[in-house]
Amino acid sequence: MAEPDVAVIGGGLVGSAIAWGLAGAGKRVALLDEGDIAFRASRGNFALVWVQSKGLGMPEYARWTRASSDAWAGFARELREETGIDVAHQRPGGFSLALSEDELERRDTTLKRLHNQSDLPYEIVHRARLLKMLPDIGPEVVGGAYCPLDGHANSPRLLRALHTALKQRGVSYLPEHSVDAIEHRGGVFVVKSGTRTIETPRIVLTAGNGNRKLGEMVGLDVPVRPQRGQIVITEKAAPFLNYPVVTIRQTDEGGVMMGDSLEEAGFDDRVGLGVVGTIAERAVRMFPLLGSLNVVRTWAALRVMTQDGFPIYEESKSHPGAFVATCHSGVTLAAAHAKLLAPLIAGGGLSDDFTAFSAKRFHVPPAA
Amino acid sequence: MFRRLPDLADTASVTLTVDGEAITARASDTVAAALLAAGHAACRETAVSNSARGPYCLMGVCFDCLVSIDGLGNRQGCLVRVRDGMRVETQRGKRVAGR
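Quick summary incoming for the structure in this document. (Residues numbered from 1 in each chain as written. Chains lettered and ligands numbered in written order. Predicted model: local features only at pLDDT ≥ 70, side-chain atom pairs only at ≥ 80, totals over all residues.)

### Quick word on the packing of helix 2 (residues 59-83) of chain A against helix 8 (residues 334-346) of chain A
All names here are of chain A. Packing of helix 2 against helix 8 brings their axes to within 7 Å, and their N-to-C directions diverge by 85°. Here helix 8 runs roughly perpendicular to helix 2, going by the angle between their axes. On helix 8, the residues touching Trp64, Ala67, Ser68, Ala71, Trp72 and Phe75 of helix 2 are Ala334, Ala335, Ala336, Ala338, Lys339 and Leu340. Taken together, the residues of the contact of helix 2 with helix 8 sort by class into 10 nonpolar, one polar and one charged. (Axes fitted to C-alpha atoms, helices over the stretch in contact; angles between N-to-C directions. Helix = DSSP H or I, 4+ residues; strand = E, 2+ residues; numbered from the N terminus. Parallel < 35°, antiparallel > 145°, perpendicular 65-115°, else oblique. Contact = placed C-beta atoms within 7 Å. Nonpolar A, V, L, I, M, F, W, Y, C, P; charged D, E, K, R; others polar.)

### Some words on the packing of helix 2 of chain A against helix 3 (residues 101-118) of chain A
Residue and element names in this part refer to chain A. Orientation of helix 2 relative to helix 3, taken along the N-to-C sense of each, is 90°, at an axis distance of 10 Å. One element, helix 2, and the other, helix 3, form an angle in the roughly perpendicular class. Here Pro59, Ala62 and Arg63 of helix 2 lie close against helix 3, whose contacting residues are Leu114, Gln117 and Ser118. Looking at the contact of helix 2 with helix 3, its residues break down into three nonpolar, two polar and one charged.

### A closer look at the sheet that holds strand 11 (residues 196-200) of chain A
Residues and elements named next belong to chain A. The three strands lie next to each other as 9-10-11, forming an open sheet whose pairing is antiparallel. Both outer strands of the open sheet, strand 9 (181-185) and strand 11, are each paired with one neighbouring strand and no more. The mean inter-strand angle of the sheet, taken between neighbouring strand axes irrespective of direction, is 20°. Sheet topology note: the strand 10 (residues 188-193)/strand 11 ladder contains five bridges and is antiparallel. Counted as the bridge partner of Val190 is Glu199 from strand 11. (Pairing = 2+ DSSP bridges.)

### Some words on the environment of Phe189(A)
Residue and element names in this part refer to chain A. As for its position among the elements, Phe189 is in strand 10. Accessibility expressed as a C-beta count within 10 Å gives 21 for Phe189, which makes it buried. With 139 residues separating them along the chain, Phe189 and Trp50 place their C-alpha atoms 36 Å apart. Among residues more than four places away in sequence, those in contact with Phe189 are Ile182, His184, Thr200, Ile203, Gly321 and Ala322. (Buried ≥ 20, exposed ≤ 12 C-beta atoms within 10 Å, placed from the backbone.)

Here it is, written out as structure tokens:
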């Protein structure tokens, strides 16, 4: 194969979306990926395309999330036309539910601040009206916060659609190509993977938690860490949840996903009964009907998390042409990565809008 | 398609209904075995594509013998012993939560 214009390192949702966009911009792209045993958030996520609660403290991130959410329907349509795969994107708006007045009030306070900061549209829906929208809520649910921009998709199918489209767009996909070293010689990156060497003028690091190590090879500081989330899945049931809830959603095929736990567990992606039990218990309090369904699967996956929870997008100062893109919302941001970020990387580089996403924000000088 | 082995010919029999129709089974049968013996090779339609499925592994692994038993959906027919008066229904597509 001819040497690529860009090598994207990491074949999960972030890397696939960017590679798709780069190929769409006419670039010759190689996508290097690990194998099936890689820690892969793209196969373990909750598949929300979510806006409420994103970006308090960083207006640029709130704006970016919203831009992606707005671009999602068109992105899904394009993928379907290109591959015939329906990624089941829906945007009916979404809820976070409260099991006490106190919880509802705290939610309202957070969203009010986000509304003031970034004009987030939302409303607090009290129990009487909530019963019309989500008839199966349990007696303890006092209300919820509704944001009309929220939605969800089928994320395993999204990854498959992207990879199908990548093949059609002529992207060279290289599984089992974990990267050992990256050298920079005369403006060219020499990417070494096993016995293979790829030379390219531009690279994009999209390897999730692997970006920390890869970043060091090209002068990029990528302070990300794994954060475990556990998920419980029921058998497929006839549709009864009309809206995704931040911790509970019914997939297009009928299974109900419950999740949203957070644990600092390093690179340990095992499930634990304690957390799974708590997830199920809270979910049944929200929707008692869930108690009648059989659980068919549980799993854990590792989020890719920064200190402040916001993404990092940056080009290396010392190694121009080396970019990093990392976030914990690979599904929500897939449309933005494919349609907005990739064209910038294919062109001159990141615009000034991305300055806020630099990892420099973590380098606070010591107080005098 | 299936024939009973002759050595169990004189076991006690029970009566259950399949989609409202009475069938006779041996008291030692599982629901899946009773369905197969009565000629019901297909006992459900899958949850997503609605294609026909019937009992396959008969040991609780394949989940292809799912039926509704006495009003409760997605029961594994091969793991439930028949009972006199039991109501078995073909499961068409997804089960309904709570039923």
